[in-house]
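A closer look at the structure
Listed below, chain by chain, are the residues.
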Amino acid sequence: QVQLVESGGGLVQAGDSLRLSCAASGRTFSSYAMGWFRQAPEKSREFVAGMTWSGGVSAYAVSVKGRFTISRDNAKNTVYLQMNSLKPEDTAVYYCAAKRGTVNPPYDYWGQGTQVTVSS
């Protein structure tokens, strides 16, 4: 089983950058695909980015491709989401998630989320 704790959210202005981190517990972290999701007010949770355990395969939502980058450090049991050129529509609670296998949803384990607010 994997436990996940996100950090790094905050209030930024449009055009700024922010890096989210997700610390995972569990000795088998390196065998899990990791993903980031987000949920804006009154909207469904949506997939943002995902990466396989080896880092060899990554996937992004169309809305963030070219602006966001997912990465992981298996030695530190941590996955990151670098967010550049942030827009007000990126405002949401961001969740880290883990699963075995491919980067495609559904995911099995979830963090509590971290708020990202982008002002215009």
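A short tour of the structure in this document, coming up. If you're wondering where the values come from, they're calculated on a predicted model, not measured in any experiment.

The four strands are arranged 1-3-8-7 in an open sheet whose pairing can be described as antiparallel. For this open sheet the edge positions go to strand 1 (3-7) and strand 7 (68-73), each flanked by a neighbour on one side alone. When strand polarity is set aside, the average angle formed by the axes of neighbouring strands in this sheet is 20 degrees. Judged from the five bridges that link them, strand 1 and strand 3 (residues 18-25) form a sheet pairing that is antiparallel. Directly across from Ser-7, in strand 3, lies its bridge partner Ser-21.

Mapped onto the elements of the fold, Val-118 is located in strand 11 (residues 114-119). Given a relative accessible area of 5%, Val-118 falls into the buried group. With 104 residues separating them in the primary sequence, Val-118 and Ala-14 have C-alpha atoms 5.8 Å apart. Residue contacts for Val-118: discarding those within four places in its chain leaves Val-12, Gln-13, Ala-14, Leu-86, Lys-87, Pro-88, Asp-90 and Thr-91.

Another aspect to go through is the packing of aromatic side chains. Applying the stated criterion across every chain yields a total of four aromatic pairs. Between the aromatic rings of Phe-37 and Tyr-107, the centroid separation amounts to 5.2 Å while the plane-to-plane angle is 75 degrees, which identifies the pairing as edge-to-face. Taken together, the residues Phe-37 in strand 4 (residues 32-39) and Tyr-107 in the loop between strand 9 (92-100) and strand 10 (109-110) connect sequence positions 70 residues apart. Tyr-107 matches Phe-37 in its accessibility class, with the two residues each being buried. Taken together, Phe-37, Phe-47, Tyr-107 and Trp-110 form an aromatic cluster joined through their ring pairs. Sitting over the ring of Tyr-95, Arg-45 keeps its end group 3.9 Å from the ring centre.

So, on to the nonpolar core. Proteins that are soluble and globular tend to have nonpolar side chains buried together. Membership of the largest hydrophobic core comes to 28 residues, with the highest contact counts inside it found for Met-34, Trp-36, Leu-81, Met-83 and Tyr-94. Every element with two or more residues in this core is listed here: strand 3, strand 4, strand 5 (46-51), strand 7, strand 8 (78-83), strand 9 and strand 11.

Parameters at a glance
Residues numbered from 1 in each chain as written. Predicted model: local features only at pLDDT ≥ 70, side-chain atom pairs only at ≥ 80, totals over all residues. Heavy atoms only, no water. Pairing = 2+ DSSP bridges. Helix = DSSP H or I, 4+ residues; strand = E, 2+ residues; numbered from the N terminus. Axes fitted to C-alpha atoms, helices over the stretch in contact; angles between N-to-C directions. Buried < 20%, exposed > 50% of the residue type's maximum accessible area, 1.4 Å probe, protein only. Contact = heavy atoms within 4.5 Å. Phe/Tyr/Trp six-rings, centres within 6.5 Å; stacked < 30°, edge-to-face > 60°. Lys NZ or Arg CZ within 6 Å of the ring centre and 35° of its normal. Core = buried A, V, L, I, M, F, W, Y, C linked by side-chain atoms within 4.5 Å.

Shape descriptors only; they carry no functional weight alone.
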